[in-house]
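One letter stands for each residue in the lines below.
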Amino acid sequence: MSQAKKGLFDWYFKSNLLVRIMIGLILGAIVGGVLAATTAPGEKIKILPYIVPFGDAFIRLLKMIIVPVVFFTLVVGTSSIQPSRLGRVGVKIMAYYLITTFMAAIIGLILALIARPGMGVNLSVGTGEVKLAANKPISQVILELIPENVFGAFTNNGMILQVIFFALMVGVALAFLRDSKDARIKNAAETVYAFFDGFSEAMYLVVRWIMQYAPIGVFALMVNVFALNGPKVAGPLISVVIVVYVGLVIQAVFVYGGFLTVNKMNPFGFFKKARSPMLTAFVTRSSGGTLPITMKTADNMGVSRGVYSFTLPLGATINMDGTTIYQAVCAVFIANAVGSPLTFSQMVMVVVVCVLASIGTAGVPGAGAIMLLMVLESVGLKVETGSVIAAAYAMIFGIDALLDMGRTCINVTGDLVGTTVVAKSENEFDVEKYNAYTGADIA
């Protein structure tokens, strides 16, 4: 029997995406460094106009997907929460998710302010003038969450918070309609939900397609950055990775560990039992893809199915603590790298948007980097093609896969901790089963 004919680009599409992105980053840095070293100061690098458009196309693809991903994901996520189930368990897990996400944003900002990643980089790429969003009183910020024109909000990336607000309202309304006792209304609502669910899945597929182009886009963007700035930009990227992972460890040990300790559970014993979903999330970089293993682990740990079947899918949709830390640190890095450090009011805006963005972040590889664009837009850091901000964002995207592994691991860990704590508080937890479970790999 003859083997199936292989496609021309099988070697590309069937190889590991993480490896491809890292190769694109390294090759881009090498090629850019060589161009910088072989070009006299002040002389124009003639080859760049042929390379840069490939990077600009990548930025445009990412910006294209922001609004539809946020809108459809949020509507599906919020409408999936049945009002009839939002009893004590629902209120507790929602409170837990919001508190830990808020704390994650604060941890990310504090670490970024201490480490000051990106300070002194002074990128010399692009022509766009950097203008941060103007300082506004908190009352004005809250008022501007409400769109005067919904369609205007959809066509302006700077109004992404208004899109989030509208999506939340639509999702909550749809959740109540899906729970209606009127058969006609319930059926109509299910039809609308199916449309949004199908469209969100289509957007996830588009995201995966864009990620296939990512290695090429990253290569082109890195060539541009290193050709015009030299190897000096490599150090700040390493500092970003360190700061993000320090934040992730703090979130796990002190925030999650604190919740476990208060509920009289040994944090390190818990993490040992939870190692299967944690490692799976780290490798796959997908909260959704890890969900079956997370649910099986919760069952093995003695959590009632009635609890984890609700809290874990909800957490995989709206609880993204690791992503929040990443977004806060990277927003500060990019602002510093382009010479416009964030003010206090803009930091407050970053916290608010990071918490809201975590609700709208799809549990698929690379989605966090797309949501980062939304955070940047909210404080006036517009990622326009050819701009210095786009160059700084490109630097982050080049190492995003490394950051994505850690943040996804923390996202899943946070879901499991919250589920266990809530189950224990509701006496829906088998202590003997928990103590007997060793955390052995799940078949």
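Here, the structure is the one placed above.
As the structure is a prediction and not an experimental result, all values here were calculated from the model.

Novice: Is there a simple way to explain the packing of helix H4 (residues 88-115) against helix H14 (residues 321-337) in this structure?
Specialist: For any two helices packed against each other, the geometry is given by the interaxial angle and the distance between the axes. With their axes 8 Å apart at the nearest point, H4 and H14 run at an angle of 30 degrees to one another. The orientation of H4 relative to H14 falls into the category roughly parallel. Classified by chirality, the crossing of H14 by H4 is right-handed. Packed against H4, whose contacting residues are Tyr97, Thr100, Thr101, Ala104, Ala105, Gly108, Leu109 and Ala112, the element H14 presents Asp321, Thr324, Ile325, Ala328, Val329 and Val332 at the interface. Across the contact of H4 with H14, the residue classes tally to nine nonpolar, four polar and one charged.

Novice: Any chance you could explain helix H13 (residues 305-318) here in plain terms?
Specialist: Over its 14 residues, H13 extends 20 Å from the first C-alpha to the last, a length consistent with the 20 Å expected when each residue adds 1.5 Å. Every buried residue of H13 is listed here: Val307, Tyr308, Phe310, Thr311, Leu312, Leu314, Gly315, Ala316 and Ile318.

Novice: Please clarify how the packing of helix H11 (residues 275-284) against helix H18 (residues 400-425) should be interpreted in this entry.
Specialist: The N-to-C vectors of H11 and H18 enclose an angle of 150 degrees; their axes lie 7 Å apart at closest approach. Taken together, the axes of H11 and H18 are roughly antiparallel relative to one another. Every pair of crossing elements has a handedness; the one defined by H11 and H18 is right-handed. Together, Pro277, Met278, Ala281 and Phe282 of H11 and Met405, Gly406, Thr408, Cys409, Val412, Thr413 and Leu416 of H18 make up the contact between the two elements. Looking at side-chain class alone, the contact of H11 with H18 contains eight nonpolar, three polar and no charged residues.

Novice: For this particular structure, what's the right way to read a nonpolar patch on the surface?
Specialist: On the surface, Val19, Ile23, Ile26, Leu27, Ile30 and Val34 cluster together into a nonpolar patch covering about 520 Å² of accessible area. For Ile23, the location among the structural elements is in helix H2 (residues 17-38).

Novice: What is the right way to look at the pattern of salt bridges in this model?
Specialist: Charged atoms that come close allow side chains of opposite charge to pair. The final tally for this structure, using the stated rule, is four salt bridges. Glu190 serves as the salt-bridge partner of Arg178, at 3.2 Å between the closest nitrogen and oxygen. Separated by 12 residues along the polypeptide, Arg178 in helix H7 (residues 160-178) and Glu190 in helix H8 (residues 183-229) bring together distant segments of the chain. Residue Glu190 is classed as partly exposed on the basis of its relative accessible area of 29%. In this structure, Arg407 and Asp404 form a salt bridge, with 3.2 Å as the shortest nitrogen-oxygen distance. One end of the pair is Arg407 and the other is Asp404, both in helix H18 and three residues apart, which spans about a single turn. Accessibility assignment for this pair places Arg407 and Asp404 in one class, buried.

Novice: Even after reading the chapter, I still don't get the side chain of Ser180, so can you show me in this structure?
Specialist: The residue Ser180 is located in the loop between H7 and H8 in this model. A polar contact of 3.1 Å, which involves the side chain of Ser180, links it to the backbone nitrogen of Asp182.

Novice: Is there a simple way to explain the environment of Leu291 in this structure?
Specialist: Summarising the element assignment, Leu291 is placed in helix H12 (residues 287-300). Judged by its relative accessible area of 18%, Leu291 falls in the buried class. Through-space distance from the C-alpha of Leu291 to that of Ala316 is 7.2 Å; in sequence the pair is 25 residues apart. Every residue in contact with Leu291, bar those within four places of it in the chain, is listed here: Leu312, Pro313 and Ala316.

Novice: Just checking my understanding: could you explain the nonpolar core for this structure?
Specialist: Soluble globular proteins tend to bury their nonpolar side chains together. In this structure, Phe58, Val240, Phe270, Ile334, Val350, Tyr393 and Phe397 are the most contacted members of the largest nonpolar core, which totals 129 residues. In terms of residue count, H8 provides more of this core than any other element does, 15 residues in total. Those residues within four positions of Phe58 in sequence are excluded, and the remaining contacts are Ile210, Tyr213, Ala214, Gly217, Val218, Leu221 and Phe397. Within the second largest apolar cluster, eight residues are counted, among which are Ile45, Leu48, Ile51 and Ala227.

Novice: Even after reading the chapter, I still don't get the state of the cysteines, so can you show me in this structure?
Specialist: Each disulfide is one covalent bond, formed between the sulfur atoms of two cysteines. Scanning the model with the defined rule gives zero disulfides in all. For Cys354, which is in no disulfide, the shortest distance to another cysteine sulfur is to Cys330 and amounts to 9.7 Å. Given a relative accessible area of 0%, Cys354 falls into the buried group.

Novice: Please clarify how unusual backbone geometry should be interpreted in this entry.
Specialist: Residues other than glycine predominantly adopt negative phi, and peptide bonds predominantly adopt the trans conformation. Positive phi, normally seen in glycine, also occurs at Arg116, with a value near 50 degrees. Tracing the chain through its elements places Arg116 in the loop between H4 and helix H5 (138-143). Phi at Lys264 is positive, roughly 60 degrees, even though this residue is not glycine. For Lys264, the location among the structural elements is in the loop between helix H9 (234-262) and helix H10 (267-273).

Novice: What exactly am I supposed to notice about H4 here?
Specialist: Residue pairs spaced three or four apart in an α-helix point in one direction, given the helix's 3.6 residues per turn. With 28 residues, H4 extends 40 Å from end C-alpha to end C-alpha; this agrees with the ideal 40 Å at 1.5 Å per step. In the segment just after H4, Arg116 is the residue with positive phi, at about 50 degrees.

Novice: I would appreciate a short explanation of the packing of aromatic side chains in the present structure.
Specialist: Any two aromatic rings considered together are summarised by their centre-to-centre distance and by the angle between their planes. By the definition in use, this model includes 15 aromatic pairs. Plain terms: the ring middles of Phe71 and Phe154 are 4.9 Å apart, the flat faces sit at 75 degrees to each other, and that makes the pair edge-to-face. Of the two residues, Phe71 sits in helix H3 (residues 48-79) while Phe154 sits in helix H6 (residues 150-154), which places them 83 residues apart along the sequence. Relative accessible area serves as the criterion here: at 26%, Phe154 is assigned to the partly exposed category. Seen in terms of ring centroids, Phe270 and Phe271 are 6.0 Å apart; in terms of plane orientation they differ by 80 degrees. Their pairing is edge-to-face. Of the two residues, Phe270 and Phe271, both sit in the buried class.

Novice: How should I be thinking about the environment of Thr73 in this particular structure?
Specialist: Tracing the backbone through its elements, the reader meets Thr73 in helix H3. Each C-alpha atom of the pair Thr73 and Ser200 lies 5.8 Å from the other, and the pair is 127 residues apart in sequence.

Novice: Explain the side chain of Arg178 here, please?
Specialist: Given a relative accessible area of 18%, Arg178 falls into the buried group. Of the polar contacts made by the side chain of Arg178, one reaches the side chain of Glu190; its length is 3.2 Å. Look past the residues within four positions of Arg178 in its chain and what remains in contact with it is Ser79, Ser80, Lys186, Ala189, Glu190 and Tyr193.

How each quantity is defined
Residues numbered from 1 in each chain as written. Predicted model: local features only at pLDDT ≥ 70, side-chain atom pairs only at ≥ 80, totals over all residues. Heavy atoms only, no water. Axes fitted to C-alpha atoms, helices over the stretch in contact; angles between N-to-C directions. Helix = DSSP H or I, 4+ residues; strand = E, 2+ residues; numbered from the N terminus. Parallel < 35°, antiparallel > 145°, perpendicular 65-115°, else oblique. Left-handed = near helix turned anticlockwise from the far one by under 90°. Contact = heavy atoms within 4.5 Å. Nonpolar A, V, L, I, M, F, W, Y, C, P; charged D, E, K, R; others polar. Expected span 1.5 Å × (residues − 1). Buried < 20%, exposed > 50% of the residue type's maximum accessible area, 1.4 Å probe, protein only. Patch = residues over 30% accessible without salt bridge, like charges linked within 9 Å, V, L, I, M, F, W, Y side chains within 5 Å. Areas by Shrake-Rupley, 256 points an atom, 1.4 Å probe, with all protein chains shown as cover. Salt bridge = Lys/Arg side-chain N within 4 Å of Asp/Glu carboxyl O. Polar contact = N/O pair within 3.5 Å; in protein donor to acceptor, adjacent residues only side chain to side chain. Core = buried A, V, L, I, M, F, W, Y, C linked by side-chain atoms within 4.5 Å. Disulfide = S-S within 2.5 Å. Phe/Tyr/Trp six-rings, centres within 6.5 Å; stacked < 30°, edge-to-face > 60°.

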